[in-house]
Amino acid sequence: MTRVGRVERTTKETSVVVEIDLDGVGKVDVSTGVGFYDHMLDQLGRHGLFDLTVKTEGDLHIDTHHTIEDTALALGAAFKQALGDKVGIYRFGNCTVPLDESLAQVTVDLSGRPYLVHSEPENMAPMIGTYDTTMTRHILESFVAQAQIALHVHVPYGRNAHHIVECQFKALARALRYASERDPRAAGILPSTKGAL
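Keep in mind that what you see is a predicted model, and the values were worked out from it rather than measured.

Novice: Help me out: how do you make sense of the overall build of the chain in this one?
Specialist: Along its length, the chain carries four helices and ten strands. Seen in sequence order, the chain has helices and strands lined up from the N terminus as β-β-β-α-β-α-β-β-β-β-β-α-β-α. For the chain, whose C-alpha radius of gyration is 16 Å, the value lies close to the compact-globule estimate of 16 Å for 197 residues. By residue count, 53% of the 197 residues in the chain fall in the buried class. Across the chain, contacts joining residues at least 24 apart in sequence account for 77% of those joining residues at least 6 apart. Counting only carbon and sulfur atoms, one obtains 50% of the accessible surface of the chain, whose full area is about 9300 Å².

Below, the structure is given as structure tokens:
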């Protein structure tokens with residue numbers, strides 16, 4: 001059974017198409033018009049071993065906010081769609097990733113209940129190219145809201161803004177990969193005592 005999600009989202013501000021295959025090989029084709037964001041989505045696909053296609057056209061003449069936000073919303077919705085009924089998955093995943101002087105710790109529960117806990121060093125550089133570093137939390141909020149998962153992201157230390165953000169995406173990719181993978185010992189079993197996720 002394929003686990004593919006595809007979402008098209010069109011507003012007056014953006015046009016977004018996202019397709020994700022949870023059982024891919026990390027093949028990524030991303031274009032949002034925001035270079036650093038593309039780089040982060042590339043990390044998500046490659047380290048998660050998700051085949052990921054993202055095509056976004058947005059009102060970049062205003063700023064990057066709508067483009068980044070709507071892409072994250074569509075990505076979360078596509079991820080939820082690809083998960084399907086969640087039968088046989090591990091459900092929980094965590095990963096700690098260093099990137100030079102920075103460290104990210106990510107834990108995820110594919111719970112069906114959206115919740116985000118996020119912390120990163122204060123006084124980061126405000127911009128990485130055209131990417132507003134305050135958007136990282138908003139990306140995660142948007143993704144969590146649509147994917148309906150619980151996500152805890154903690155960066156206890158780091159100096160370089162590029163490293164601080166990138167290690168979060170790499171750790172997120174791995175945690176999502178581990179949580180969404182099929183558990184060979186739990187074939188046909190929903191990982192919940194409630195009987196629903």
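Novice: Which parts of the structure should I look at to understand the packing of aromatic side chains?
Specialist: Under the definition given, this model contains three aromatic pairs. Seen from their ring centres, F50 and F79 are 6.2 Å apart, and the 70° between their planes marks the pair as edge-to-face. Taken together, the residues span a long stretch of sequence, with F50 in the loop between α1 (35-48) and β4 (51-58) and F79 in helix α2 (residues 65-83) at a distance of 29 residues. For F50, a relative accessible area of 2% gives the class buried. Ring geometry for F79 against F143: centres 5.7 Å apart, planes inclined by 55°, an arrangement best described as tilted. Of the two residues, F79 is situated in helix α2 and F143 in helix α3 (residues 135-147); the sequence distance between them amounts to 64 residues. Overall, F79 belongs to the buried group, its relative accessible area being 1%. Members of the aromatic cluster, connected to one another through ring pairs, are F50, F79 and F143.

Novice: How do you make sense of the nonpolar core when you look at a structure like this?
Specialist: What tends to happen in soluble globular proteins is that the nonpolar side chains get buried as a cluster. Counting 58 residues, the largest nonpolar core has F79, L110, Y131, L151 and L176 as the members making the most contacts within it. Considering every element that reaches this core, the biggest residue donor is helix α4 (residues 161-180), with eleven residues.

Novice: I would appreciate a short explanation of the side chain of S102 in the present structure.
Specialist: Considering the arrangement of structural elements, one finds S102 in strand β6 (residues 102-109). For S102, a relative accessible area of 1% corresponds to the buried category. A distance of 2.8 Å separates a polar atom in the side chain of S102 from a polar atom in the side chain of E101.

Novice: Please clarify how unusual backbone geometry should be interpreted in this entry.
Specialist: Peptide bonds are mostly trans, and most non-glycine residues show a negative phi. Positive phi outside glycine occurs at L49, with the angle close to 55°. On the secondary structure map, L49 appears in the loop between α1 and β4. By relative accessible area, which is 31% here, L49 ends up partly exposed. Residues other than glycine seldom take positive phi values, yet K86 does so here, at roughly 70°. Turning to its location among the elements, K86 is positioned in the loop between α2 and β5 (92-99). You can call K86 buried: its relative accessible area is 6%.

Novice: Help me understand α2, please; the structure alone is not making it clear to me.
Specialist: Since there are 3.6 residues in each turn of an α-helix, residues three or four apart along the chain are aligned in direction. The end-to-end C-alpha distance of α2 is 27 Å, a good match for the 27 Å that 19 residues give at a rise of 1.5 Å each. Buried residues dominate α2, accounting for 16 of its 19 residues. Immediately beyond the C-terminal end of α2, within one or two residues, lies G84, with a positive phi of roughly 60°.

Novice: Sorry, what's going on with the pairing of β5 here?
Specialist: Each regular strand shows side chains that alternate between the opposite faces of the sheet. Here β5 shows a buried face lined by G93, C95, V97 and L99 and an unburied face lined by F92, N94, T96 and P98. Following β5, the chain reverses through two residues before pairing antiparallel with β6; D100 in that reversal takes a positive phi of roughly 55°.

Novice: Which parts of the structure should I look at to understand the state of the cysteines?
Specialist: Two cysteines joined by a covalent bond between their sulfur atoms form a disulfide. A full pass over the atoms with the stated rule returns zero disulfides. The structure places no disulfide on C95, whose sulfur is separated from the nearest cysteine sulfur, that of C167, by 11 Å. In this structure C95 comes out as buried when scored by relative accessible area, which is 13%.

Rules behind the numbers
Residues numbered from 1 in each chain as written. Predicted model: local features only at pLDDT ≥ 70, side-chain atom pairs only at ≥ 80, totals over all residues. Heavy atoms only, no water. Helix = DSSP H or I, 4+ residues; strand = E, 2+ residues; numbered from the N terminus. Rg over C-alpha atoms; globule rule 2.2 N^0.38 Å. Buried < 20%, exposed > 50% of the residue type's maximum accessible area, 1.4 Å probe, protein only. Contact = heavy atoms within 4.5 Å. Areas by Shrake-Rupley, 256 points an atom, 1.4 Å probe, with all protein chains shown as cover. Phe/Tyr/Trp six-rings, centres within 6.5 Å; stacked < 30°, edge-to-face > 60°. Core = buried A, V, L, I, M, F, W, Y, C linked by side-chain atoms within 4.5 Å. Polar contact = N/O pair within 3.5 Å; in protein donor to acceptor, adjacent residues only side chain to side chain. Expected span 1.5 Å × (residues − 1). Pairing = 2+ DSSP bridges. Disulfide = S-S within 2.5 Å.

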